[in-house]
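What follows is each chain in one-letter form.
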Amino acid sequence: MLRLIATSLCLRCQHVPLLPSNPRACSTRSSAENQQTVEALYELSVDIQKVRKLKGWVLHQDPAYTKEVAGLLRDLGASSPVIAHILAVHPEAVLCNPEQLQAQQELWTSVCPNHRELLGVIEKFPASFFSASSHHENQRENITYFQSLNLNKRIVTKLMASAPQSFSRPVDQNRTMVGTLQQAYQELGGDEANMRPWLQKLLSQNPFVLLKPPEILRQNLVFLKDRGFTTAELLRLLSKLRGFVTELNPDSMRRTMAFSLETIGCSDAELREIILKCPALLYYPEATLAERFEGLLSAGISMPQITQTPTVLELTTQIVNHRIQRLKARGYDVSTGSLDVINGTKKDFEMSFGKLQLRRERPLFNPVAPLKGDD
């Protein structure tokens with residue numbers, strides 16, 4: 001999960017005017033490396049070769065504030081290895097001047113007063129913390145707005161860290177999307193008393209939902225309603241899997257559902273039941289689904305088994321084959337047993353595998369068998 005979020009963040013941050021995308025806004029590039037910066041990074045045990053390879057332009061900027069940035073991180077409780085790691089993966093941080101550093105610290109402390117937690121956020125999302133000062137006003141207004149929704153401070157911090165674009169843009173855009181989500185929740189019969197926890201969970205699972213156009217959400221809900229899903233079922237789908245409805249469009253869902261109907265050989269009503277068990281079925285491309293269906297069937301698994309436990313389609317063919325081989329080595333035949341044992345995360349599988357192994361190793365006790373005694 002954290003890997004996924006981190007990958008999306010890297011792609012999306014290309015469109016946000018953070019410090020890395022506009023180095024001349026706060027510094028001047030020279031033809032030679034800034035030796036003061038290089039020496040300061042060396043003293044901090046930063047991997048200079050890594051910086052030169054990935055973001056060498058930073059070493060040519062003047063002025064740079066390496067010692068000041070290291071001092072801020074040290075004040076937050078960062079150890080020397082942590083400081084070196086942060087500056088190696090995000091050397092642009094050294095281009096933040098003391099005024100920017102102070103402004104950012106004050107801003108983030110308003111939602112994350114615990115220094116240890118704030119340092120953890122910086123370590124995972126340094127680009128979000130060391131951002132351009134031009135967005136401070138929007139960031140403050142967005143913080144105030146999300147706090148007015150009575151969201152948990154950790155949720156607001158997570159939104160700022162993993163989806164910084166949503167806090168850099170005007171607050172009205174976020175207000176519109178949140179209003180659309182709340183309206184959809186109410187129209188689908190959601191309990192008013194549960195709206196805040198529902199919204200909090202949705203934003204926590206998928207911070208990028210705020211960046212989606214509100215009309216896409218409406219179009220997708222209309223499409224699914226036309227396909228026979230009830231309002232209660234639509235609310236379940238909207239609440240599952242990181243708000244996945246906002247990640248789709250009617251055309252892609254239409255193609256995927258048509259492919260699934262033909263492959264499984266089921267009715268529309270049966271497909272709806274399968275989708276409710278495994279909403280991910282809606283957003284996998286036909287090529288991905290074809291590969292996974294083929295991999296399961298070729299492993300001896302029947303289509304009824306798949307439709308009974310459709311979440312197995314969330315696993316890649318490689319993962320499925322690996323787990324099946326481990327189970328075979330323990331004498332478990334997936335073609336006749338339940339797919340629950342190979343389903344779920346790696347942790348889920350290891351627990352199921354461990355229980356299966358324990359059952360096989362535990363000796364059977366026969367209460368009527370004579371006890372062995374000393375001769």
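This is a predicted model, so every value here is computed, not measured.

Rules used throughout
Residues numbered from 1 in each chain as written. Predicted model: local features only at pLDDT ≥ 70, side-chain atom pairs only at ≥ 80, totals over all residues. Heavy atoms only, no water. Helix = DSSP H or I, 4+ residues; strand = E, 2+ residues; numbered from the N terminus. Buried < 20%, exposed > 50% of the residue type's maximum accessible area, 1.4 Å probe, protein only. Contact = heavy atoms within 4.5 Å. Areas by Shrake-Rupley, 256 points an atom, 1.4 Å probe, with all protein chains shown as cover. Phe/Tyr/Trp six-rings, centres within 6.5 Å; stacked < 30°, edge-to-face > 60°. Lys NZ or Arg CZ within 6 Å of the ring centre and 35° of its normal. Core = buried A, V, L, I, M, F, W, Y, C linked by side-chain atoms within 4.5 Å. Salt bridge = Lys/Arg side-chain N within 4 Å of Asp/Glu carboxyl O. Expected span 1.5 Å × (residues − 1). Arc of directions from axis to C-beta. pLDDT = per-residue confidence, 0-100. Axes fitted to C-alpha atoms, helices over the stretch in contact; angles between N-to-C directions. Parallel < 35°, antiparallel > 145°, perpendicular 65-115°, else oblique. Nonpolar A, V, L, I, M, F, W, Y, C, P; charged D, E, K, R; others polar. Polar contact = N/O pair within 3.5 Å; in protein donor to acceptor, adjacent residues only side chain to side chain.

Some points on the overall build of the protein chain
Within the protein chain, the regular secondary structure consists of 21 helices and two strands. Within the span of the protein chain, comprising 375 residues, buried residues form 47% of the whole. Expressed as a percentage of contacts within the protein chain between residues at least 6 apart in sequence, the contacts between residues at least 24 apart total 76%. On the protein chain, roughly 19500 Å² of surface is accessible, and the fraction owed to carbon and sulfur atoms is 52%.

Here's the deal with the packing of aromatic side chains
Applying the stated criterion across every chain, the model contains seven aromatic pairs. Taken together, the aromatic side chains of Trp108, Phe129 and Phe130 make up a single cluster linked through ring pairs. Its guanidinium or amino end placed over the ring of Tyr284, Arg292 lies 4.7 Å from that ring's centre, counting from NZ or CZ.

Considerations on the nonpolar core
Judged by nonpolar contacts, the single largest core of 106 residues is most densely connected at Leu73, Leu87, Phe130, Phe146, Leu327 and Ile342. Setting aside residues up to four positions removed in sequence, Leu87 forms contacts with Leu41, Leu44, Val46, Val51, Thr66, Val69, Ala93 and Val94.

Some words on the environment of Gly120
Relative to the elements of secondary structure, Gly120 occurs in helix H7 (residues 115-124). Put simply, Gly120 and Ala78 are 42 residues apart on the chain and 9.2 Å apart in space, counted from C-alpha to C-alpha.

Remarks on unusual backbone geometry
Residue Asp62 is joined to Pro63 through a cis peptide bond whose omega torsion reads 10 degrees. Position of Pro63 relative to the elements: it lies in the loop between strand S2 (61-62) and helix H4 (66-75). Of note in this structure, Ser45 is not a glycine but carries a positive phi near 65 degrees. The topology assignment puts Ser45 in the loop between helix H2 (35-43) and helix H3 (48-55).

Describing the pattern of salt bridges
Across all of its chains, the model carries eight salt bridges by this definition. The salt bridge involving Lys55 is made with Glu92; its shortest N-O contact spans 3.1 Å. Residue Lys55 is found in helix H3, and its partner Glu92 is found in the loop between helix H5 (80-89) and helix H6 (98-109); the two are separated by 37 residues along the sequence. For Lys55, a relative accessible area of 23% corresponds to the partly exposed category.

So, the environment of Leu87
Counting through the fold element by element, Leu87 comes out in helix H5. In this structure the C-alpha to C-alpha distance between Leu87 and Pro126, which are 39 residues apart in sequence, comes to 8.8 Å.

A short note on helix H18 (residues 286-298)
Here H18 spans 18 Å end to end across 13 residues, near enough to the 18 Å set by a 1.5 Å rise per residue. Within the span of H18, buried status applies to Leu289, Arg292, Phe293, Gly295 and Leu296. The buried residues of H18 all sit within an arc of 165 degrees when viewed along its axis, so they share a single face. Residues of H18 that are exposed and angled more than 90 degrees away from the buried face: Ala287, Glu294 and Ser298. The elements touched by buried residues of H18 are helix H16 (250-264), helix H19 (303-308) and helix H20 (317-329). At the C-terminal side of H18, Gly300 shows a positive phi close to 95 degrees.

Things to note about the confidence of the model for the protein chain
Segments scoring low in pLDDT should not have their predicted coordinates read at a detailed level. Across the protein chain, pLDDT averages 85, with 85% of residues at or above 70. Confidence drops under a pLDDT of 50 for residues 371-375, and excluding neighbours within four residues, the segment shows zero contacts in the predicted structure.

Some thoughts on the packing of H3 against H5
The contact between H3 and H5 brings their axes to 9 Å, and the two run at 20 degrees. Of the possible angle classes, the one that applies to H3 and H5 is roughly parallel. Packed against H3, whose contacting residues are Lys50, Val51 and Lys55, the element H5 presents Leu87, Ala88 and Val89 at the interface. A class-by-class count of the residues in the contact of H3 with H5 yields four nonpolar, no polar and two charged.

Examining the environment of His60
Mapped onto the secondary structure, His60 falls in the loop between H3 and S2. In the structure, His60 is positioned 28 residues away from Ala32 in sequence and 6.0 Å away in space, judged by C-alpha atoms. Separated by 3.3 Å, the side chain of His60 and the backbone oxygen of Ala32 make a polar contact.

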